[in-house]
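A look at the structure
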Amino acid sequence: MAISGLGSHYISLFLYVVFATFLHKVQGQNLVTNNVSVVEGETAIISCRVKNNDDSVIQLLNPNRQTIYFRDVRPLKDSRFQLVNFSDNELLVSLSNVSLSDEGRYVCQLYTDPPQEAYADITVLVPPGNPILESREEIVSEGNETEITCTAMGSKPASTIKWMKGDQPLQGEATVEELYDRMFTVTSRLRLTVSKEDDGVAVICIIDHPAVKDFQAQKYLEVQYKPEVQIVVEFPEGLTREGENLELTCRAKGKPQPHQINWLKVDDDFPSHAVITGSDLFIENLNKSFNGTYRCVASNLVGEAYDDYILYVYDVLTTTPPPTTTTISAFQEIFQGLSNMSWLSSLCLQVKQRVLGSWICLLSVIYAALRGNDGVAASQTTH
């Protein structure tokens with residue numbers, strides 16, 4: 001029997017209402033989950049969550065689509081899976097002691113018509129072993145190049161290796177080797193030219209991996225360098241003058257310590273009576289014929305270095321400095337006390353034949369002369 005146009009319209013409207021009701025029901029029950037990254041040997045949490053559940057059944061399947069949990073019942077006999085929480089809106093399951101074989105896509109399934117599915121990818125992280133740090137040579141001479149390698153073995157995913165020298169970042173050259181089950185070994189090579197300032201500085205290999213933090217190894221550079229030489233004047237403190245002595249000390253520091261220190265006079269013969277004791281040079285009774293450049297040379301296994309001292313002998317200092325005002329003032333203060341005593345005049349007259357009396361009178365007269373008067377003489381005349 002043919003369907004009239006009006007009947008066809010009602011059938012279409014009915015189907016639309018049924019489909020819209022179904023679609024609203026499915027869309028209203030929103031099934032969600034999350035991807036999980038977990039370190040090998042630790043515990044992963046898998047969550048199946050439903051928004052506006054209408055009592056539909058939630059279940060969790062493993063990557064082989066075997067049922068782990070049907071509602072709050074565990075059909076799978078793997079006891080590492082444990083129920084953390086179950087309700088109409090959530091199924092929360094833990095997986096302990098995770099291994100590489102547990103990696104894959106887990107399925108949260110909601111029994112609607114048709115069933116809804118959401119997928120949780122579990123990624124298993126494998127940390128690298130302890131970094132292995134190796135040097136091409138243990139001791140390096142300044143100016144030479146050395147190579148240090150750092151290896152991070154057996155990680156998933158591959159590690160990233162960074163380098164530091166003290167607080168300065170450096171760039172290494174990395175090679176990545178894939179092993180099995182997406183496991184990797186990474187080796188980074190660092191080449192650097194060293195200076196004496198690098199001696200004792202730490203070179204640090206830093207492993208960057210999502211499964212570990214602050215994972216590093218370090219090595220302290222040992223750099224040998226040629227001596228640093230300095231000549232120090234021990235005597236005299238000022239200018240070198242004829243007739244005086246000269247004492248010089250040669251200070252040399254290197255790694256290894258200098259095994260030899262030599263003194264010489266540049267482009268001339270050494271003074272015959274100069275005395276060399278170890279790193280010290282002593283010349284007595286200087287004269288102008290000793291003028292010239294004196295050199296201290298120090299050497300070790302790395303090389304040699306030197307420092308120069310230019311000697312210029314000045315004339316003898318002949319001028320005598322005048323007496324100071326302080327000295328005259330001290331004399332005046334002493335004799336002022338004597339001349340102010342009333343008995344000094346009598347003493348000069350009574351004991352002037354004696355040595356002591358003569359000296360006291362003489363001192364008084366000197367003081368009077370310094371003061372520009374003849375007080376003592378006047379006193380003697382009066383008596």
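Residues numbered from 1 in each chain as written. Predicted model: local features only at pLDDT ≥ 70, side-chain atom pairs only at ≥ 80, totals over all residues. Heavy atoms only, no water.

Where an unreviewed UniProt entry is consulted, the protein chain appears under the name Cell adhesion molecule 1, with the organism given as Cyprinus carpio carpio. Per its UniProt entry, the protein chain bears the Sequence similarities (unreviewed entry) comment "Belongs to the nectin family." (UniProt positions renumbered as here; feature names shortened; annotations may be inferred.)

**As for the state of the cysteines**
Under the criterion given, the structure shown has 3 disulfides. Linked covalently through their sulfurs, Cys150 and Cys205 form a disulfide whose S-S length is 1.8 Å. The sign of the -70° torsion about the S-S bond sets the Cys150-Cys205 disulfide as left-handed. A residue pair is termed long-range when its members are at least 10 positions apart, and Cys150 in strand 12 (residues 145-155) and Cys205 in strand 17 (residues 202-209) qualify at 55 residues. One disulfide in the model links Cys250 with Cys296; its S-S distance is 1.8 Å. An S-S torsion of about -80° defines the bridge between Cys250 and Cys296 as left-handed. Remark: Cys296 occurs in strand 24 (residues 292-299) and Cys250 occurs in strand 20 (residues 246-255); sequence separation between them is 46 residues. We note that Cys250, like Cys296, is buried. (Disulfide = S-S within 2.5 Å. Helix = DSSP H or I, 4+ residues; strand = E, 2+ residues; numbered from the N terminus. Buried < 20%, exposed > 50% of the residue type's maximum accessible area, 1.4 Å probe, protein only.)

**A few points about unusual backbone geometry**
Cis geometry marks the peptide bond from Asp113 to Pro114, where omega comes out at 0°. On the secondary structure map, Pro114 appears in the loop between strand 8 (104-110) and strand 9 (116-125). Cis geometry marks the peptide bond from Lys255 to Pro256; its omega dihedral reads 0°. In this structure, Pro256 sits in the loop between strand 20 and strand 21 (260-265). Look at Asn52: it is not a glycine, yet its phi comes out positive at around 60°. Mapped onto the elements of the fold, Asn52 is located in the loop between strand 3 (44-51) and strand 4 (58-61).

**Things to note about the nonpolar core**
Core analysis: the largest hydrophobic core is formed by 24 residues, its most contacted members being Leu60, Ile68, Phe81, Leu91, Tyr106 and Ile122. Residues in contact with Ile68, not counting those within four places in the same chain, are Leu60, Leu61, Asn62, Val73, Arg74, Pro75, Leu76, Phe81 and Tyr106. Among the nonpolar cores identified, the runner-up in size contains 19 residues, and Cys250, Cys296, Ala298 and Tyr309 belong to it. (Core = buried A, V, L, I, M, F, W, Y, C linked by side-chain atoms within 4.5 Å. Contact = heavy atoms within 4.5 Å.)

**Brief notes about the sheet that holds strand 12**
Strand order in this open sheet of 4 strands is 10-12-16-15, and the pairing throughout is antiparallel. Only two strands of the sheet have a single partner each, and these edge strands are strand 10 (132-135) and strand 15 (173-178). Strand-to-strand twist across the sheet, computed as the mean angle between neighbouring axes with direction ignored, equals 15°. The sheet contact formed by strand 15 and strand 16 (residues 184-193) spans 6 bridges and is antiparallel. (Pairing = 2+ DSSP bridges. Axes fitted to C-alpha atoms, helices over the stretch in contact; angles between N-to-C directions.)

**A short note on the packing of aromatic side chains**
Evaluation of the coordinates by the stated rule reveals 3 aromatic pairs. Centroid distance Phe270 to Tyr294: 5.8 Å. Interplanar angle 70°. Geometry classified as edge-to-face. Taken together, the residues span a long stretch of sequence, with Phe270 in the loop between strand 21 and strand 22 (275-277) and Tyr294 in strand 24 at a distance of 24 residues. Judged by relative accessible area, Tyr294 falls into the buried class, the value being 0%. Sitting above the plane of the Tyr306 ring, Arg295 keeps its charged end 4.0 Å from the centroid. (Phe/Tyr/Trp six-rings, centres within 6.5 Å; stacked < 30°, edge-to-face > 60°. Lys NZ or Arg CZ within 6 Å of the ring centre and 35° of its normal.)

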